[in-house]
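Notes for the structure review
Here's the letter readout for the chains.
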Amino acid sequence: MATEDVHPYNSLLKSISVDGKDFKYYDLTNLKDERYDKLPFSIRVLLESAVRNCDEFTVKKSDVENILDWSTKQNEKVEIPFKPARVILQDFTGVPAVVDFAAMRDAVKKMGGDPEKINPICPADLVIDHSVQVDVARSSDALEKNQELEFERNKERFQFLKWGAKALKNMLIVPPGSGIVHQVNLEYLARVVFNSNGTLYPDSLVGTDSHTTMINGLGVAGWGVGGIEAEAVMLGQSISMVLPEVIGYKLIGKPGPYITSTDVVLTVTKHLRQVGVVGKFVEFFGPGVTALSIADRATISNMCPEYGATVGFFPVDESSLTYLRQTGRETEQLNIIENYLKTNKMFRNYSNSEEDPVFTKVIELDLGSVVPCCSGPKRPHDKVPVTEMKSDFQTCLNNKVSFKGFAIPADKQETKVPIIYDNQEHILTHGSVVIAAITSCTNTSNPSVMLGAGLLARNAVEAGLTIKPYIKTSLSPGSGVVTYYLRESGVTPYLEKLGFDIVGYGCMTCIGNSGPLPEPVAEGIEKGDLVACGVLSGNRNFEGRIHPLTRANYLASPPLVIAYAIAGTVCIDFETEPLAKKEDGTPIFLRDIWPSREDIMKVEKEFVVPSMFKDVYSKITEGNKRWNSLEVPDSMLYPWDEKSTYIKSPPFFEKMTKEIQPPSSIENAHVLLNLGDSVTTDHISPAGSIARNSPAARYLASRGLVPREFNSYGSRRGHDSVMARGTFANIRLLNKFIGKPGPKTIYIPSGEEMDIFEAAERYQKENKQVIVLAGKDYGAGSSRDWAAKGPWMLGIKAVIAESYERIHRSNLVGMGIIPFQYLEGQNAASLGLTGKETFSINVPADVKAGQNLTINISSGKSFEVKTRFDTEVELAYFRHGGILNFMIRSMV
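Below: a short report on this structure. Keep in mind the model is a prediction, meaning the values are calculated, not measured.

This paragraph deals with the pairing of strand E13 (residues 281-285). Within E13, five of the five residues are buried, which leaves the element mostly enclosed by the surrounding structure. Residues Phe281, Glu283 and Phe285 line one face of E13 and the alternating positions Val282 and Phe284 line the opposite face, and both faces are buried. Taken together, the five bridges between strand E12 (residues 246-252) and E13 define a ladder with parallel strand orientation. Its bridge partner lying in E13, Lys250 is registered against Phe285. For the crossover that starts at E12, traverses helix H8 (residues 261-275) and ends in the parallel E13, the hand is right-handed. As defined by bridge partners, E13 adjoins strand E14 (residues 311-313) across three bridges and the pair is classed as parallel. The partner of Phe281 across the bridge, within E14, is Val311.

Pasting the structure below:
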């Protein structure tokens, strides 16, 4: 924050008294500018940050004017700075962030600077939630056993994070077993309004997980960024962003009595994907918003990455205050929030249309039109009404291999594979459900769908329904509060009876930590080449993410997860086909056991109470016995252990000099990978298990580890040698050079097929540069720093794609990799590129943001591409060789 004596907007600094205490704040209404009242509420957050941090250096008065003039500047690609109030991390991205901080301290010391300066300046919250795996399910001691295994596998990582908590200032670390980062953020960490030394301002954040957007449901502006960019924010840098368009999403009506928030969010996701909101803000308004609880709104905001927007923002209203009260926030803080936001015209009454701001465009949804639905089998925005699931799956079997196709020959579609499990024979077919997981922050933060699942389980058990024993059922709540209200409401025994025992507190199945399937099931799927199914209450179902053997994965509400588990297949029409029959032959349909929205709300009102939240979160930083027993070094610099296969000092700064070097051009680069559309960060940097025949597995085996000790890629993000070998290691990656899924490529000079890492290694040994060709939406999915660090480790100098996912493109720039984009209407096919040519690109020393450059290829052709440095700050990062190099030079 700029000091008061030089602050350009010092005249706006006013006092406000709350409960007899005086606070300062920047009064935006005192700008006395009629444009302010017309701004979307989400843009008002950006404006306040710019006013408060204006110092005519990092944030200028012209930036404030650009934001205030949003209605005319929104279409001009104007660059603005934004300083979030805080940063949030989860452990998979938190470990590499702390690794980088430790390595930066070493680099600064080596260059003669003060390593103690390398600390988070912006407050950072790190929640350890990605490590626990569903090793044990359908067991009363599943939770204890999974947590024991979690510590056994991740002790070294946890010790390192605990060192970070001690050595790095201004960082809060929430120990493992506490919950999912986004749910903990919603229920506990969110301030809504910050009080920093007596100055009030809106809570806002960036996070190293794309579902950071969940917090927008509470009226806190937040979105996912790459781990690299988050580290710069932690070091006090502003985010450089393009002033976004804001789509107004008007909600009218109310959901039907049997509709869940998951049905609403999957409907919204498909709708917004069709509209096209990538890189834009979406702000919800209209009288229908009042029909949604904060948990419902958070569910919609959580899926923001799936519909492509930067944020899905619900301004703070009376329901927000009710939720904060329900989750145990202090009365004093509630009064501060209400008074500050109302005084600054940042508090919303959704029923008052006179408060509606001006939007770029308005689209509308009648909540009464929403029907029960799932999404899949391979993408979260491919909505399927429940009434069409059976026919849609059959169509997918017939279709050629695609996002909606498996190309199963007609004579193989009726394949039945008998298996023996627990001394009983069962039959597996295409469509058999083998994983049913109530998981993920998207839904487990929402009491209505969790209690809905519990009531459905109660009704099912009382009707005599069961779930086949070979189906891997699991319940992984996002916080201990869920366990509390499920138990108190009396539904826990029914969930356990159906096999939905609590297996841990974390992302688990949603992030790919589904653990192994029973051996007979795995063998049966492989024997019959079956399209087996996972059904989960998650937010991502990309290929290879949930489990290597579930080719079809459907996102569904927690009650529907149970319903499909009972059915044992997705090939069922719940309207016409019963789940089972009673002894007298009477059919039991899903509608007979499905609880109404009114039934659920009655139970929620009685059993979800503030004391639960206070009890759970009063102990959250205390950790458990295992965490507290970890011994860590007491030193400013981390003592790296060369024997470690989890934590390693990265090579990012080894060749770094104090002076900036001019950018090097790309000369006669080979294509390492020739990729199509929708290549996700799961394809680029998998988070799941490490395949036994992979380069990463061979490396770990050479270090003396056996397969059961390999753990997951996500858990080894602190070790560059493992992660480099895991780059592009997804078994579902489709490289056009190969023609079938798998982590293979062609080494062009010899024509040999080999592992991608081995090809990259050979190119580097022979001093040959490499690039990647890609299609549309390159880098979609979770924000993963290793999806950019990994390609850097492989020597990739540039990517040429038709379009990019916002966070991943930013991450590439942050690692010094150039993101080029084909000109409109062009792609590899239209230009006649095979990928077997060599590519040369002269990158001038004064390259400009958005500049078109010419690519010359060995066939004699040439074509132009756009350089996707979108801002001057990104260009500065590139010239320094990456964002961390930029930060180190600024410190020395």
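Think of a sheet as strands paired side by side through backbone hydrogen bonds, with each pair either parallel or antiparallel. Read across the sheet, five strands follow the order E6-E5-E4-E9-E10 without closing on themselves; strand pairing throughout is parallel. Because the sheet does not close on itself, it has two edges, and the strands there are strand E6 (171-174) and strand E10 (221-224). The mean angle between the axes of side-by-side strands here comes to 20°, regardless of whether they run parallel or antiparallel. Helix-sheet contacts for helix H4 (residues 91-110) involve strand E4 (86-90), strand E5 (124-127) and E6, and the interaxial angle to E4 is about 110°. Across the face of the sheet, helix H7 (residues 227-234) comes into contact with E4, E5, E6 and strand E9 (204-207) while running at roughly 140° to E4.

With that out of the way, let us pick up the nonpolar core. Counting 298 residues, the largest nonpolar core has Phe500, Tyr564 and Tyr778 as the members making the most contacts within it. Not counting chain neighbours up to four residues away, the residues in contact with Tyr564 comprise Cys374, Val386, Met389, Val433, Val535, Thr569, Val570, Ile572 and Phe574.

All told, the structure shown has zero disulfides when counted by the stated rule. In this model Cys122 remains outside any disulfide bridge; the closest cysteine sulfur is found in Cys54, 18 Å from its own. Cysteine Cys373 shares no disulfide, and the gap to the nearest cysteine sulfur, in Cys374, comes to 6.9 Å. The exposure class of Cys373 is buried, given its relative accessible area of 0%.

The next thing to look at is the side chain of Ser715. As for its position among the elements, Ser715 is in the loop between helix H25 (695-702) and helix H26 (720-726). Within the structure, the side chain of Ser715 is placed 3.3 Å from the side chain of Asn711, a separation counted as a polar contact. Within the structure, Ser715 has its side chain in polar contact with the backbone oxygen of Ser712 (distance 2.7 Å).

Our next topic: the pattern of salt bridges. Pairs can form between side chains of opposite charge whenever their charged atoms are close. This structure, assessed with the given rule, holds 43 salt bridges. The closest approach of N and O atoms between Asp135 and Arg153, which form a salt bridge, is 2.8 Å. Highlighted residues: Asp135 in the loop between E5 and helix H5 (142-167) and Arg153 in helix H5, separated in sequence by 18 residues. By relative accessible area, Asp135 is classed as partly exposed at 22%. Residue Arg153 is classed as buried on the basis of its relative accessible area of 18%. Counted as one network, the salt bridges with shared partners bring together Asp33, Arg35, Glu65, Asp69 and Lys73.

Bringing the packing of aromatic side chains into the picture now. Per the counting criterion, the structure on display carries 24 aromatic pairs. Here Tyr25 and Tyr340 contribute two aromatic rings whose centre-to-centre distance is 5.9 Å and whose plane-to-plane angle is 90°, an arrangement assigned as edge-to-face. Taken as a pair, Tyr25 in strand E2 (residues 21-26) and Tyr340 in helix H12 (residues 331-343) lie far apart in primary sequence, 315 residues in all. Its relative accessible area of 4% is what places Tyr25 among the buried residues. Using a relative accessible area of 0% as the deciding quantity, one classes Tyr340 as buried. Look at Phe160 and Trp640: their rings are 6.4 Å apart centre to centre, the planes differ by 35°, and that puts the pair in the tilted class. Highlighted residues: Phe160 in helix H5 and Trp640 in the loop between helix H23 (625-628) and strand E26 (666-674), separated in sequence by 480 residues. Of the residues examined, Phe160 reaches a relative accessible area of 0% and is grouped as buried. Every member of this aromatic cluster is reached through a ring pair, and the members are Phe160, Trp163, Tyr638 and Trp640. When the ring centre of Phe403 is taken as reference, the NZ or CZ atom of Arg379 above it lies at 4.1 Å.

Looking at where Lys619 falls in the secondary structure, it is placed in the loop between helix H22 (610-617) and H23. Lys619 sits 441 residues away from Ser178 along the chain, and the two C-alpha atoms are 9.3 Å apart.

So, about the packing of helix H15 (residues 447-462) against helix H16 (residues 480-488). Relative to each other, H15 and H16 sit at 45°, their axes nearing to 11 Å. In terms of orientation, H15 and H16 fall into the oblique class. Crossing handedness for the pair H15 and H16: right-handed. Here Pro447, Met450 and Leu451 of H15 lie close against H16, whose contacting residues are Val482, Tyr485 and Leu486. Counted by class, the contact of H15 with H16 contains six nonpolar, no polar and no charged residues.

Rules used throughout
- Per chain, the residues get numbers from 1 upward, laid out in the order the sequence is written.
- Per-residue local features are limited, in this predicted model, to residues with pLDDT of at least 70; the limit for side-chain atom pairs, both in listing and counting, is 80 or more; totals at the level of whole chains, interfaces and linings are taken over all residues.
- The basis for every side-chain value is the complete set of heavy atoms in the structure, and neither hydrogens nor water enter the calculation.
- Partly exposed residues are those whose accessible area sits between 20% and 50% of the maximum for their type, while under 20% is buried and over 50% is exposed, using a 1.4 Å probe and protein chains only.
- Numbered from the N terminus, helices here are DSSP runs of H or I no shorter than four residues, and strands are runs of E no shorter than two.
- Note: two strands are recorded as paired if DSSP finds a minimum of 2 bridges between them.
- Look down the strands so they point away from you; if going from the first strand over the helix to the second traces a clockwise path, that crossover is right-handed.
- Each axis is a line fitted through C-alpha atoms, and for a helix only the stretch in contact is used; angles between axes span 0 to 180 degrees, taken between their N-to-C directions.
- The contact rule is simple, with two residues in contact once any of their heavy atoms fall within 4.5 Å.
- As used here, the term nonpolar core means buried Ala, Val, Leu, Ile, Met, Phe, Trp, Tyr and Cys residues forming a set that is joined through side-chain atoms within 4.5 Å.
- Disulfides are defined in this document as cysteine sulfur pairs within 2.5 Å.
- Polar contact is defined as a pair of N or O atoms within 3.5 Å, subject to the rule that within protein one atom must be able to donate a hydrogen and the other to accept it, and that residues adjacent in sequence are counted only when both atoms are side-chain atoms.
- What makes a salt bridge here is a side-chain nitrogen of Lys or Arg within 4 Å of a carboxyl oxygen of Asp or Glu, nothing more.
- Any pair of Phe, Tyr and Trp rings, taking the six-membered ring for Trp, is counted once the centres come within 6.5 Å. Such a pair is stacked with planes under 30 degrees apart, edge-to-face with planes over 60 apart, and tilted for the rest.
- Put simply, a charge is over a ring when the Lys NZ or the Arg CZ is close to the ring centre, within 6 Å, and near the line of the ring normal, within 35 degrees.
- Should an angle fall under 35 degrees it is taken as roughly parallel, and over 145 as roughly antiparallel, whereas 65 to 115 is taken as roughly perpendicular and any remaining angle as oblique.
- Handedness of each helix crossing follows the sense of rotation of the near helix against the far helix: counterclockwise by less than a right angle gives left-handed, clockwise gives right-handed.
- All amino acids are sorted into three groups, where Ala, Val, Leu, Ile, Met, Phe, Trp, Tyr, Cys and Pro are nonpolar, Asp, Glu, Lys and Arg are charged, and the leftover types, Gly among them, are polar.

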